[in-house]
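Observations on chain architecture
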Amino acid sequence: MSNVHYTLSLASPNAHLFAVELTFSSQVGQSYQLSLPAWLPGSYMIRDFAKNIISLHAESANGAAVDIEKLDKQNWRVIATDEKVTVRYQIYAFDQSVRTAYLDNQRGFFNGSSVFLSVDELAGKPCQLTLIPFAEFSQWRVATGLTRAKNTEKFAWGDYVADDYQHLIDCPVALGDFDCTEFEVEGVRHHLVFTSNHYGDTQRLANDVAKLCQHHVNLFGEIPFNEYWFITHLLENGFGGLEHKNSTILQASRFDLPNPQRPEELTDEYKTFLSLCSHEYFHAWNVCRIKPKEFTPYALGNEVYTEQLWAYEGITSYYDDFSLYRAGIISFDDYLKLLSKTATRVYRGKGETKQSVAESSFYTWTKFYKQGPDAANNIVSYYTKGSLIALWLDISLRTKTNNQYSLDTLMRELWIHFGRPGLGTQQHDFVNIVNILSNDNLGDILLSHIEQADKFELVEILNQVGVKVNKSKFAKLNSLDTKNTEAYIPYLGAMYAKQSLGVKITSVSEDSPAEKAGLTIGDILIAVDNMKASEASLTKLANHISANTPVSCLYFRDDQLISSEIAFEDSPLAAIELSVVDEQQIKQWQQF
Ligand code: ZN
């Protein structure tokens, strides 16, 4: 028997309860600390998983109760009274997200960080997990990146092993009657598992995902795992993913998968899902293995601060879409459309001049993961702006070195010097490698882009590779669609939603006509210029009112009617459109 042994069973699917038994060898009189993480790698928010622990008890080898001393919300202490301690508890599992645990009569799912107490003194030792099937669900199977014990078949209930506690909790487990397919990349088996009903063409999906995997493997030069699991839960509406060393848990909408009735169709939703697969698989190298020094090892009891998420999420975000093009799934024009959307998201936000991506990384725990209504005005995303910095770095390295080096080279260097040996990076490591590759001070310029809260202009860098940048206007009051025109387009500077009476304000831009009129989130705007304001009429109405001319407006805040004035302005430049002007020049950006 392994020194630390977990047994998990489905205590009550309808009550959403897992039962866990943890047994470990102990020495009489020795104190052992039990703990559960407060957060899990890849999702930088304190989630206090321990709040879902129910009925925590411990006993010794002879069956006598062992006292559990409460230390704080997620730490306990036991003092062993003989050679073995057994701890029993239940976990309430009713969160559909990829980050915690879920159980009902249709499926089960858990991250180890939500269900397995660590024995801190033994956290570095190998551990064993036994999964007990539930008699009523005889058709349910198991999907996980955990290592199967010798006697355990693939997809089977039974024994699994992990090198240590961190390994155990890096391998989420899906349970259910699921559908799966597989493919190989350079002899390594990759599984695609779907844990709910769908109509998707999984063979087409497997072919496309295989191309993306091959792209990433070529980029890094080797595959650091023996098998890989894409585990997807499809919902009516959903989107998200979380990366692990040899698996990823994904969520998508049921109809995002390719339609077998329309084999030629490449929908935006399918592209987005492929980009998500690409993103999480890239993370198997970039953040799961090449990672910030602050994360080696992860300290999961409280916040761990790093300024480097711009690289781990930004570079990953750059490659997630770019690899769709490089793998031959989308055209270059389609890639430019995706890139223009990312650039527009950064460009339309007001936070770029208030927060650098280093700060955005550092404050992820509060400002990014707990975004307030002011987020669009006051913070910048280390994902989107980080991906633009990655784009700039890729093109800059290529042009400076006559295409000898690129961002691909940097990633390989990071893999060889940090990922493979398991060393963490510091900000200056990126700077140093880029300075060396560029044989110049490109790394120092990179550092200024990371540390300064500046508008990041793409015009010059994209012109260097034959891509033209146009800036265009928001086309409608309540839309992020854009129009390339010199003509007047009225601008409200607020997003809103349909109401039975009027429209409900859902966000307000800084210095906008809406803000100047006093409108704020939650207000119900009911009239403009003494005319009814509705979702259907507001844009038409605004189109007939002169620019910069105050007219009356009426809105409810709570149940109080407020009378004010609003003056629509000409739509400020707000969106980026990209087009190829030199076919020859773009080739040097596309090369491997
Ligand atoms: Zn990511």
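Up top you'll find the structure we're talking about.
First, a word on scope: everything that follows refers to the structure included in this document.

In space, the three strands of this open sheet follow the order β24-β23-β33, with antiparallel pairing throughout. Edge strands, defined here as strands with exactly one partner in the open sheet, are β24 (482–483) and β33 (573–580). Taken together, the two bridges between strand β23 (residues 467–474) and β24 define a ladder with antiparallel strand orientation. For K473, the partnering residue across the bridge sits in β24 and is K483. Seen against the sheet, helix α6 (residues 332–348) touches β23 and β33 and runs at an angle of roughly 160° to β33.

In total, this model carries 47 aromatic pairs according to the counting rule given. Measuring from centroid to centroid gives 5.3 Å for Y318 and F322, while their planes differ by 25°, and the two rings are stacked. Of this pair, Y318 and F322 both sit in helix α5 (residues 309–326), separated by four residues, roughly a single helical turn. Owing to a relative accessible area of 0%, F322 belongs among the buried residues under this scheme.

What follows concerns the pattern of salt bridges. Counted by the stated rule, this structure contains 24 salt bridges. For E222, the salt bridge identified is with R420, shortest N-O distance 2.6 Å. With E222 in the loop between α3 (202–220) and β18 (227–235) and R420 in the loop between α11 (407–419) and β22 (424–425), this pair connects stretches of sequence that are 198 residues apart. The partner of D268 in a salt bridge is K271, with the nearest N and O atoms 3.3 Å apart. Placement of the pair is D268 and K271 together in helix α4 (residues 268–283), with a separation of three residues, close to one helical turn. The class for D268 is partly exposed, based on a relative accessible area of 47%. Taken together, the shared-partner salt bridges in this structure form one network comprising K154, E182, E184 and R189.

Glancing now at helix α13 (residues 442–451). Listed as buried for α13 are L442, G443, L446 and I450. Along α13, the residues classed as buried sweep out an arc of 95° about the axis, all on the same side. Lining the buried residues of α13 we find α5, α7 (357–362), α10 (384–400) and α12 (427–438).

The protein atoms that coordinate the zinc ion are H279 (NE2), H283 (NE2) and E313 (OE), at distances of 2.0 to 2.1 Å. Sequence spacing of the donors to the zinc ion: H-x3-H-x29-E. Of this pair, H283 sits in helix α4 while E313 sits in helix α5, placing them 30 residues apart in sequence. Judged by its relative accessible area of 0%, H283 falls in the buried class.

Reading the values: the criteria
Residues numbered from 1 in each chain as written. Predicted model: local features only at pLDDT ≥ 70, side-chain atom pairs only at ≥ 80, totals over all residues. Heavy atoms only, no water. Pairing = 2+ DSSP bridges. Helix = DSSP H or I, 4+ residues; strand = E, 2+ residues; numbered from the N terminus. Contact = heavy atoms within 4.5 Å. Axes fitted to C-alpha atoms, helices over the stretch in contact; angles between N-to-C directions. Phe/Tyr/Trp six-rings, centres within 6.5 Å; stacked < 30°, edge-to-face > 60°. Buried < 20%, exposed > 50% of the residue type's maximum accessible area, 1.4 Å probe, protein only. Salt bridge = Lys/Arg side-chain N within 4 Å of Asp/Glu carboxyl O. Arc of directions from axis to C-beta. Donors = N, O, S within 2.8 Å, 3.2 Å for Na, K, Ca; no water.

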